[in-house]
Amino acid sequence: MTRSSESPPRVDVRGPRFVAWITTGVLVLVLLVSAFSTAAAAILIGLQAVVFAIGAISGPAKHPYGRIYAAFVAPRNGPPTETEPVPPLRFAQALGFVFAGLSLLGFALGSPIVGAVFAGFALFAAFLNAAFGVCLGCQIYPLVARFRRSPAPAPN
């Protein structure tokens, strides 16, 4: 990761795609397990929600799956050829946390359909990023960032 005083920190695009592949696998497992045990599905999606929360709060460098990438995959990949900014990735992880949290609530409150639907939404987003490099959260981020900016103070 490189830092500049004028731009947000950036990461190798291959890291978030690796993370998305693992997330895709976990979410597929959640949906498969939910057909047999909503309690087990709730535990799995709860663990994934924690992973999303860590990614949203701490960013890619501290993300559990990102650490796996950094330790085992990145050294074999060579230097990055393309990078992306960290803030949209953190926002995408926050959206994943929301979907996983709603899925967890569905499973925990006895509505496996709700749990599966929200896990499916998260799966769709993770698979798009993993397979095609399209990060839905990253696409939404500029719209949200625009609303978060405070207007300039009025001149006196």
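Quick look at the structure, then. Predicted, not measured: the structure shown is a model, and the values here were computed from it. (Residues numbered from 1 in each chain as written. Predicted model: local features only at pLDDT ≥ 70, side-chain atom pairs only at ≥ 80, totals over all residues. Heavy atoms only, no water.)

**Quick look at the nonpolar core**
Thinking step 1. Counting 13 residues, the largest nonpolar core has L27, V30, A41, I45, A100, F107 and A119 as its most contacted members.
Thinking step 2. Elements represented by at least two residues in this core include exactly α1 (14–34), α2 (38–58), α4 (86–108) and α5 (112–132).
Thinking step 3. The element best represented in this core is α2, accounting for five residues.
Thinking step 4. In contact with A100, not counting residues within four places along its chain, are I45, A49 and F52.
Thinking step 5. In terms of nonpolar packing, the next biggest core, distinct from the first, is built from six residues, V11, L89, A92 and C135 among them. (Core = buried A, V, L, I, M, F, W, Y, C linked by side-chain atoms within 4.5 Å. Buried < 20%, exposed > 50% of the residue type's maximum accessible area, 1.4 Å probe, protein only. Helix = DSSP H or I, 4+ residues; strand = E, 2+ residues; numbered from the N terminus. Contact = heavy atoms within 4.5 Å.)

**Quick notes on the packing of α1 against α5**
Thinking step 1. Where α1 meets α5, the closest approach of the two axes is 8 Å, and the angle between their N-to-C directions is 150°. Classed by the angle they form, the pair α1 and α5 counts as roughly antiparallel. The handedness of the crossing between α1 and α5 comes out as left-handed. Along its contact with α1, which presents P16, R17, A20, W21, T23, T24, L27, V28, V30 and L31, the element α5 presents A116, A119, G120, A122, L123, A126, F127, N129, A130, A131 and F132.
Thinking step 2. Split by residue class, the contact of α1 with α5 holds 16 nonpolar, four polar and one charged. (Axes fitted to C-alpha atoms, helices over the stretch in contact; angles between N-to-C directions. Parallel < 35°, antiparallel > 145°, perpendicular 65-115°, else oblique. Left-handed = near helix turned anticlockwise from the far one by under 90°. Nonpolar A, V, L, I, M, F, W, Y, C, P; charged D, E, K, R; others polar.)

**Observations concerning the state of the cysteines**
Thinking step 1. Applying the stated criterion across every chain yields a total of one disulfide.
Thinking step 2. Two residues share a disulfide in this structure: C135 and C138, whose sulfurs sit 2.4 Å from each other. Torsion about the S-S bond of the C135 and C138 cystine: about 65°, corresponding to right-handed handedness.
Thinking step 3. Using a relative accessible area of 10% as the deciding quantity, one classes C135 as buried. (Disulfide = S-S within 2.5 Å.)

**A short note on the pattern of salt bridges**
Thinking step 1. Tallied over the full model, the rule gives one salt bridge.
Thinking step 2. Of the charged contacts in the structure, one is a salt bridge between D12 and R14, with a shortest N-O distance of 2.7 Å.
Thinking step 3. For R14, a relative accessible area of 25% translates into the label partly exposed. (Salt bridge = Lys/Arg side-chain N within 4 Å of Asp/Glu carboxyl O.)

**Some points on the packing of aromatic side chains**
Thinking step 1. By the definition in use, this model includes seven aromatic pairs.
Thinking step 2. Here F99 and F121 contribute two aromatic rings whose centre-to-centre distance is 5.8 Å and whose plane-to-plane angle is 65°, an arrangement assigned as edge-to-face. Note that F99 is positioned in helix α4 and F121 in helix α5, a separation of 22 residues in sequence.
Thinking step 3. Measuring from centroid to centroid gives 5.6 Å for F118 and F121, while their planes differ by 85°, and the two rings are edge-to-face. Taken as a pair, F118 and F121 lie in helix α5 at a separation of three residues, close to a single helical turn. (Phe/Tyr/Trp six-rings, centres within 6.5 Å; stacked < 30°, edge-to-face > 60°.)

**A few points about the environment of I45**
Thinking step 1. Summarising the element assignment, I45 is placed in helix α2.
Thinking step 2. Put simply, I45 and V30 are 15 residues apart on the chain and 6.4 Å apart in space, counted from C-alpha to C-alpha.

**A look at the side chain of Q93**
Thinking step 1. Looking at the secondary structure, you find Q93 in helix α4.
Thinking step 2. Residues in contact with Q93, not counting those within four places in the same chain, are V19, V51, F52, G55, A56 and H63.

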